[in-house]
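# Structure at a glance
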Amino acid sequence: MTRLLNAARRKVTEIANLSTGEIVDYTPVSPLELEMLIREIGDRLENAVPVIKQLWADRYAAERKFIEERAKAMLRSKEDTVTLRRAEADLASLPYKHEFDTAKEILHAAEELQKALTAKLYGFLNLNKVQATAYQVGGYGR
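Below you will find a few notes about this structure. From a predicted model like this one, the values you see are computed outputs, not experimental measurements.

### Here we look at the side chain of Ser 93
Summarising the element assignment, Ser 93 is placed in the loop between helix 3 (82-92) and helix 4 (94-137). Leave out the neighbours within four places in its chain, and Ser 93 touches Phe 66, Glu 69 and Arg 70.

### Regarding helix 2 (residues 31-76)
Residue pairs spaced three or four apart in an α-helix point in one direction, given the helix's 3.6 residues per turn. If you check helix 2, its first and last C-alpha atoms are 67 Å apart, about what 46 residues at 1.5 Å a residue would give, namely 68 Å. Roughly 35° is the biggest bend found in helix 2, and it falls at Val 49, with proline Pro 50 one to four residues downstream.

### Digging into the pattern of salt bridges
One pass over the structure, following the stated rule, counts 9 salt bridges. Of the charged contacts, one joins Glu 35 and Arg 39 as a salt bridge, the two residues approaching to 3.1 Å between their closest N and O atoms. Linking Glu 35 with Arg 39, this pair stays in helix 2, spanning 4 residues, or about one helical turn. Ionic pairing is found between Lys 97 and Asp 101, a salt bridge with its closest N-O pair at 3.2 Å. In this pair, Lys 97 and Asp 101 both sit in helix 4, 4 residues apart, roughly one turn of the helix. Through salt bridges with shared partners, a single network forms among Lys 65, Glu 68, Glu 69 and Lys 72.

### Re the packing of helix 2 against helix 3
Helix-helix packing is characterised by the crossing angle of the two axes and by the distance between the axes. Across the interface, helix 2 lies against helix 3 with an axial gap of 8 Å and an inter-helix angle of 135°. The angle between helix 2 and helix 3 falls in the class oblique. Seen along the crossing, helix 2 lies across helix 3 with a hand that is right-handed. Residues Arg 70, Ala 73 and Met 74 of helix 2 form the contact with helix 3, whose participating residues are Arg 85, Arg 86, Ala 89, Asp 90 and Ala 92.

### Overview of the side chain of Glu 69
Following the sequence through the fold, Glu 69 ends up in helix 2. Apart from the residues lying within four places of it in its own chain, the contact partners of Glu 69 are Ser 93 and Tyr 96.

Conventions and cut-offs
Residues numbered from 1 in each chain as written. Predicted model: local features only at pLDDT ≥ 70, side-chain atom pairs only at ≥ 80, totals over all residues. Heavy atoms only, no water. Helix = DSSP H or I, 4+ residues; strand = E, 2+ residues; numbered from the N terminus. Contact = heavy atoms within 4.5 Å. Expected span 1.5 Å × (residues − 1). Bend = angle between axes of the 7 residues up to and from the residue. Salt bridge = Lys/Arg side-chain N within 4 Å of Asp/Glu carboxyl O. Axes fitted to C-alpha atoms, helices over the stretch in contact; angles between N-to-C directions. Parallel < 35°, antiparallel > 145°, perpendicular 65-115°, else oblique. Left-handed = near helix turned anticlockwise from the far one by under 90°.

Right, dumping it as C-alpha coordinates:
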(Lines give C-alpha, C1' and ligand atoms only; values in the text may rest on other atoms or scores of the structure.)
Protein backbone atom coordinates (compact mmCIF):
# COMPACT_ATOMS: atom_id res chain seq x y z
CA MET A 1 0.00 0.00 0.00
CA THR A 2 2.84 2.40 0.84
CA ARG A 3 4.45 1.70 -2.52
CA LEU A 4 1.19 2.55 -4.31
CA LEU A 5 0.79 5.74 -2.29
CA ASN A 6 4.35 6.84 -3.12
CA ALA A 7 3.75 6.08 -6.79
CA ALA A 8 0.59 8.17 -6.69
CA ARG A 9 2.46 11.06 -5.07
CA ARG A 10 5.06 10.92 -7.84
CA LYS A 11 2.24 11.10 -10.37
CA VAL A 12 0.78 14.19 -8.65
CA THR A 13 4.02 16.06 -9.26
CA GLU A 14 3.76 15.07 -12.90
CA ILE A 15 0.30 16.64 -13.25
CA ALA A 16 1.05 19.83 -11.35
CA ASN A 17 4.12 21.91 -12.02
CA LEU A 18 4.56 23.27 -8.51
CA SER A 19 7.01 26.01 -9.54
CA THR A 20 4.68 27.60 -12.11
CA GLY A 21 1.29 26.44 -10.84
CA GLU A 22 0.41 24.94 -14.22
CA ILE A 23 -1.72 21.85 -14.48
CA VAL A 24 -0.13 19.47 -16.95
CA ASP A 25 -2.36 17.24 -19.07
CA TYR A 26 -2.51 13.94 -17.24
CA THR A 27 -4.90 11.01 -17.18
CA PRO A 28 -5.11 9.02 -13.95
CA VAL A 29 -5.00 5.24 -14.34
CA SER A 30 -6.07 4.04 -10.91
CA PRO A 31 -8.59 5.03 -8.24
CA LEU A 32 -5.72 6.03 -5.94
CA GLU A 33 -4.22 8.35 -8.56
CA LEU A 34 -7.63 9.84 -9.22
CA GLU A 35 -8.14 10.49 -5.51
CA MET A 36 -4.71 12.12 -5.21
CA LEU A 37 -5.51 14.35 -8.18
CA ILE A 38 -8.82 15.42 -6.66
CA ARG A 39 -7.08 16.27 -3.39
CA GLU A 40 -4.29 18.19 -5.13
CA ILE A 41 -6.67 20.33 -7.17
CA GLY A 42 -8.97 20.85 -4.17
CA ASP A 43 -6.01 22.04 -2.09
CA ARG A 44 -4.93 24.39 -4.86
CA LEU A 45 -8.41 25.91 -5.06
CA GLU A 46 -8.54 26.34 -1.30
CA ASN A 47 -5.09 27.95 -1.19
CA ALA A 48 -6.10 30.31 -4.01
CA VAL A 49 -8.74 32.09 -1.93
CA PRO A 50 -6.39 34.39 0.06
CA VAL A 51 -4.30 34.97 -3.06
CA ILE A 52 -7.34 36.08 -5.07
CA LYS A 53 -8.43 38.27 -2.15
CA GLN A 54 -5.01 39.97 -2.13
CA LEU A 55 -5.14 40.42 -5.91
CA TRP A 56 -8.50 42.19 -5.54
CA ALA A 57 -6.99 44.44 -2.85
CA ASP A 58 -4.02 45.22 -5.11
CA ARG A 59 -6.36 46.01 -7.99
CA TYR A 60 -8.44 48.43 -5.92
CA ALA A 61 -5.33 50.08 -4.46
CA ALA A 62 -3.94 50.61 -7.97
CA GLU A 63 -7.26 52.03 -9.14
CA ARG A 64 -7.46 54.44 -6.19
CA LYS A 65 -3.87 55.59 -6.82
CA PHE A 66 -4.62 56.15 -10.51
CA ILE A 67 -7.75 58.20 -9.71
CA GLU A 68 -5.86 60.21 -7.09
CA GLU A 69 -2.93 61.01 -9.37
CA ARG A 70 -5.22 61.94 -12.24
CA ALA A 71 -7.22 64.29 -10.02
CA LYS A 72 -4.03 65.90 -8.69
CA ALA A 73 -2.77 66.38 -12.24
CA MET A 74 -6.04 68.06 -13.21
CA LEU A 75 -5.77 70.42 -10.24
CA ARG A 76 -2.16 71.30 -11.10
CA SER A 77 -2.95 71.96 -14.75
CA LYS A 78 -2.68 75.54 -16.03
CA GLU A 79 -4.67 74.83 -19.22
CA ASP A 80 -7.69 77.03 -19.96
CA THR A 81 -10.21 74.37 -21.04
CA VAL A 82 -11.43 71.29 -19.22
CA THR A 83 -10.68 69.13 -22.24
CA LEU A 84 -7.03 70.19 -22.25
CA ARG A 85 -6.80 69.74 -18.47
CA ARG A 86 -8.16 66.20 -18.80
CA ALA A 87 -5.74 65.39 -21.60
CA GLU A 88 -2.82 66.72 -19.56
CA ALA A 89 -4.00 64.78 -16.50
CA ASP A 90 -4.39 61.60 -18.56
CA LEU A 91 -0.81 61.90 -19.80
CA ALA A 92 0.55 62.73 -16.35
CA SER A 93 -1.21 59.77 -14.73
CA LEU A 94 -0.43 57.26 -17.50
CA PRO A 95 2.12 55.26 -15.43
CA TYR A 96 -0.54 54.77 -12.73
CA LYS A 97 -3.03 53.71 -15.39
CA HIS A 98 -0.55 51.06 -16.56
CA GLU A 99 -0.13 49.80 -12.98
CA PHE A 100 -3.92 49.62 -12.63
CA ASP A 101 -4.28 47.74 -15.92
CA THR A 102 -1.54 45.30 -14.92
CA ALA A 103 -3.24 44.62 -11.57
CA LYS A 104 -6.53 43.93 -13.39
CA GLU A 105 -4.78 41.65 -15.89
CA ILE A 106 -3.15 39.58 -13.14
CA LEU A 107 -6.43 39.32 -11.23
CA HIS A 108 -8.36 38.19 -14.30
CA ALA A 109 -5.71 35.60 -15.18
CA ALA A 110 -5.86 34.20 -11.65
CA GLU A 111 -9.66 34.01 -11.78
CA GLU A 112 -9.54 32.22 -15.13
CA LEU A 113 -7.04 29.72 -13.74
CA GLN A 114 -9.33 29.17 -10.77
CA LYS A 115 -12.25 28.51 -13.14
CA ALA A 116 -10.17 26.06 -15.16
CA LEU A 117 -9.08 24.21 -12.02
CA THR A 118 -12.69 24.06 -10.83
CA ALA A 119 -13.82 22.62 -14.15
CA LYS A 120 -11.01 20.05 -14.06
CA LEU A 121 -11.92 19.15 -10.46
CA TYR A 122 -15.56 18.58 -11.41
CA GLY A 123 -14.45 16.36 -14.28
CA PHE A 124 -12.29 14.25 -11.98
CA LEU A 125 -15.08 14.06 -9.40
CA ASN A 126 -17.42 12.74 -12.10
CA LEU A 127 -14.79 10.19 -13.16
CA ASN A 128 -14.42 9.16 -9.54
CA LYS A 129 -18.18 8.66 -9.21
CA VAL A 130 -18.34 6.62 -12.41
CA GLN A 131 -15.39 4.51 -11.33
CA ALA A 132 -16.92 3.83 -7.91
CA THR A 133 -20.18 2.79 -9.55
CA ALA A 134 -18.34 0.51 -11.95
CA TYR A 135 -16.61 -1.23 -9.05
CA GLN A 136 -19.91 -1.71 -7.21
CA VAL A 137 -21.66 -3.09 -10.30
CA GLY A 138 -18.75 -5.42 -10.99
CA GLY A 139 -18.96 -6.85 -7.48
CA TYR A 140 -15.68 -5.42 -6.27
CA GLY A 141 -17.32 -3.16 -3.70
CA ARG A 142 -18.90 -5.99 -1.72
